[in-house]
Amino acid sequence: MAKQMEKSSNFPKYRADGQSTFKEKNDDKFIVKYRKNFYDIKKFIVKHPGGVNTLKGLNNSDMTSRFIKAHPHSDAAMYLMKEYHITKPTQLLTTTTCKSNDYNIKDAQYEKLIVSSMEDSNNNIIDENVEHLVDWSRAMLPQIGKICKQYEQWVHKPVDRSLRLFGPWYLEMCTKTAWWVVPIFWLPVIGALIYNEMWDVLFGGNVLKILSLLFYFLLGIIFWTFLEYVLHRYLFHMSINKRSHPLLCSFHFMIHGLHHKVPFDSMRLVFPPLPGAILAIIIYAPLSMIVPQPRVILAGALFGYLCYDMMHYYLHYGDPSNRLLYHMKRYHYQHHFAHQNLGFGISTPLWDTIFNTRIHLRKLRFRLKWK
């Protein structure tokens, strides 16, 4: 019987609570080898949907066997990996063996492992690169109408790049929004609505009237969660095919497609206030004629929207310790990189459950961390 191989010390150990005990060096690069290619994933570590603790310990090592043993990655995730491809580094890996989660595997065994894993197509790098369809150095929106036949294929293959939507700077400026702009704009609007409609009642002592207004405010929040689901499922993920009109493709890209194409662009994670205000007016106008207390309902809906936008930003860039937010971050990342036709609820999975579009997350052996 062959001598038992030593366990690799280059991979993270985990405590009983699932937290990594490995402290990564603060290097300028984080180079890994997968099959015969090299990747610098330094800027991707904190963006990795699977958390930083699944990547720590891989610096300057061959991750092939560990990658193959992992849960199969989606096509979108494999395509994103191409963003970090580099030429062979001048400083090669520290050893000539393949380092896995459990063992140091010698070259012959490594080759055998690679061959035996070929049936797992999701763990092979996607060769088809469609970025030649557009010129990333130019404004993107004018180009979308020209790639309608390949748009659906292109837009759902994420990249980690900066994207310019419009050519003129004054138009481009309107498409980028820092997260803190949203509460600065909407909190005074919500506050004014509450003050005008509820302030006198709150100090009037009429308990039934107070409860009635609070009910309508809560109804507005619930209405927003339903509207969020409907917009996300039927408008943001509308059916685009080869016969779609160029203007429809451009419209889809502008309102949501760009978020799936460049999911890590921090300035495009919240909805700009101006188009948000226009949308609110369009929805409120007919609603005000058919529901009681329309302004209170509007205040609740805007509050629900504000919570949604802040949560959406946090799900992309936060490291939640709260159980609910942790679950929602994993849930939303699954929508982005694996199940883009499911998981349309961001602030709540309620309507996904009702309409049978819920994503069922698999159980993990340890808790993920994103910082």
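Once a new chain begins, its residue numbering starts again from 1 and follows that chain's sequence as written. Reporting in this predicted model follows two pLDDT cut-offs: at least 70 for local features of residues, and 80 or more for side-chain atom pairs to be given and counted; totals over whole chains, interfaces and linings ignore these cut-offs and use all residues. Each side-chain value is derived from all of the structure's non-hydrogen atoms; neither hydrogens nor water enter the calculation.

What counts, and what does not: UniProt positions are given in the numbering used here, feature names are shortened, and annotations may be inferred rather than shown by experiment.
If you look the chain up in an unreviewed UniProt entry, it shows as Fatty acid 2-hydroxylase from Glossina palpalis gambiensis. Entered under Subcellular location (unreviewed entry) in the UniProt record, the comment concerning the chain runs "Endoplasmic reticulum membrane". UniProt annotates the chain under Sequence similarities (unreviewed entry) with the comment "Belongs to the sterol desaturase family. SCS7 subfamily."

**Brief notes about the overall build of the chain**
How we decide: Under the scheme used here, helices are H or I runs from DSSP no shorter than 4 residues and strands are E runs no shorter than 2 residues, and both carry numbers assigned from the N terminus. The classification of residues rests on relative accessible area computed with a 1.4 Å probe and restricted to protein chains. Under 20% of the type maximum is buried, over 50% is exposed, and intermediate values are partly exposed. Here a residue-residue contact requires only that any non-hydrogen atoms of the pair lie within 4.5 Å.
Secondary structure summary: the chain contains 13 helices and six strands in total. Counting every position in the chain, which comprises 371 residues, the buried fraction comes to 46%. Intrachain contacts of the chain at a sequence separation of at least 6 include 74% that bridge at least 24 residues.

**Some remarks on the UniProt feature "binding site: heme" (unreviewed entry) in the chain**
Mapped onto this structure's residue numbering, the UniProt feature "binding site: heme" (unreviewed entry) falls at H48 and H73. The greatest C-alpha distance among the residues just named is 11.9 Å, despite their covering 26 residues of sequence, which places them together in space. Within the secondary structure, H48 sits in the loop between β2 (37-40) and β3 (61-62). Residue H48 is classed as buried on the basis of its relative accessible area of 11%.

**What to know about a nonpolar patch on the surface**
Stated formally: Candidates for patches are residues over 30% relative accessible area with no salt bridge; among them, like charges are joined within 9 Å and nonpolar side chains (Val, Leu, Ile, Met, Phe, Trp, Tyr) within 5 Å. Areas reported here follow the Shrake-Rupley algorithm with a probe of radius 1.4 Å; residue values treat only the protein chains shown as occluding. Each reported salt bridge corresponds to a side-chain nitrogen of Lys or Arg within 4 Å of a carboxyl oxygen of Asp or Glu.
Where nonpolar side chains cluster on the molecular surface, the patch consists of W169, Y170, L171 and M173 and spans about 480 Å² of accessible area. If you trace the backbone, L171 turns up in helix α6 (residues 169-174). Exposure remark for L171: the relative accessible area of 36% places this residue in the partly exposed category.

**Details of the pairing of strand β1 (residues 31-34)**
Here is the rule: Here the rule is simple: two strands pair whenever DSSP picks up at least two bridges between them.
The pairing of β1 with β2 spans four bridges and is antiparallel. Each residue of the ladder has a partner; that of I31, found in β2, is D40. Connecting β1 to the next strand, β2, in antiparallel fashion are two residues, including R35 with a positive phi near 55°. Sheet topology note: the β1/β3 ladder contains two bridges and is parallel. The partner of V32 across the bridge, within β3, is S61.

**Quick notes on the packing of aromatic side chains**
The cut-off we apply is this: Between 30 and 60 degrees the pair is tilted, below 30 it is stacked and above 60 it is edge-to-face, where a pair is any two Phe, Tyr or Trp rings, Trp via its six-membered ring, whose centres lie within 6.5 Å. A ring is considered to have a charge above it if a Lys NZ or an Arg CZ atom is located within 6 Å of its centre and within 35 degrees of its normal.
As enumerated under the stated definition, the model contains 25 aromatic pairs in all. Their ring planes at 20° and their centres at 5.5 Å tell us that Y313 and Y317 sit as a pair that is stacked. Remark: Y317 and Y313 occur in helix α11 (residues 294-317); sequence separation between them is four residues, near one turn of the helix. Taken together through their ring pairs, the aromatic side chains of F44, Y84, F264, Y333 and F337 make up a single cluster. If you follow R367 out to its NZ or CZ, it ends over the ring of Y326, 4.0 Å from the centre.

**Section: the pattern of salt bridges**
All told, the structure shown has nine salt bridges when counted by the stated rule. Where E131 meets K261, a salt bridge forms, and the shortest distance between an N and an O atom there is 2.7 Å. Here K261 lies in helix α9 (residues 246-261) and E131 lies in the loop between α3 (107-116) and α4 (141-144), a separation of 130 residues in the sequence. Across this residue pair, the class does not change: E131 and K261 are buried.

**Details of the packing of helix α7 (residues 181-202) against α11**
For the record, the criterion: Lines fitted to the C-alpha atoms define the axes, with helices restricted to the stretch that makes contact. Angles between their N-to-C directions range from 0 to 180 degrees. By the definition adopted for this analysis, an angle is roughly parallel if under 35 degrees, roughly antiparallel if over 145, roughly perpendicular if from 65 to 115, and oblique otherwise. By convention the crossing between two helices is left-handed if the near helix lies anticlockwise of the far one by an angle smaller than a right angle, and right-handed if it lies clockwise. Three classes are used: nonpolar for Ala, Val, Leu, Ile, Met, Phe, Trp, Tyr, Cys and Pro, charged for Asp, Glu, Lys and Arg, and polar for all others, with Gly counted as polar.
Viewed as axis vectors pointing N to C, α7 and α11 meet at an angle of 155°, and their least axial separation amounts to 9 Å. Relative to α11, α7 is oriented roughly antiparallel. The interaxial crossing formed by α7 with α11 has left-handed handedness. Mapping the contact onto sequence places V182, P183, W186, L187, V189, I190, L193, I194, E197 and M198 in α7 and R295, V296, L298, A299, L302, F303, Y305, L306, D309 and M310 in α11. Across the contact of α7 with α11, the residue classes break down as 17 nonpolar, no polar and three charged.

**What to know about the packing of α7 against helix α10 (residues 273-287)**
At a closest axis distance of 11 Å, the pairing of α7 and α10 adopts a crossing angle of 35°. For α7 against α10, the interelement crossing comes out right-handed. Between α7 and α10, the residues in contact are V181, F185 and W186 and P273, G276, A277 and A280, respectively. Its residues placed into classes, the contact of α7 with α10 shows six nonpolar, one polar and no charged.

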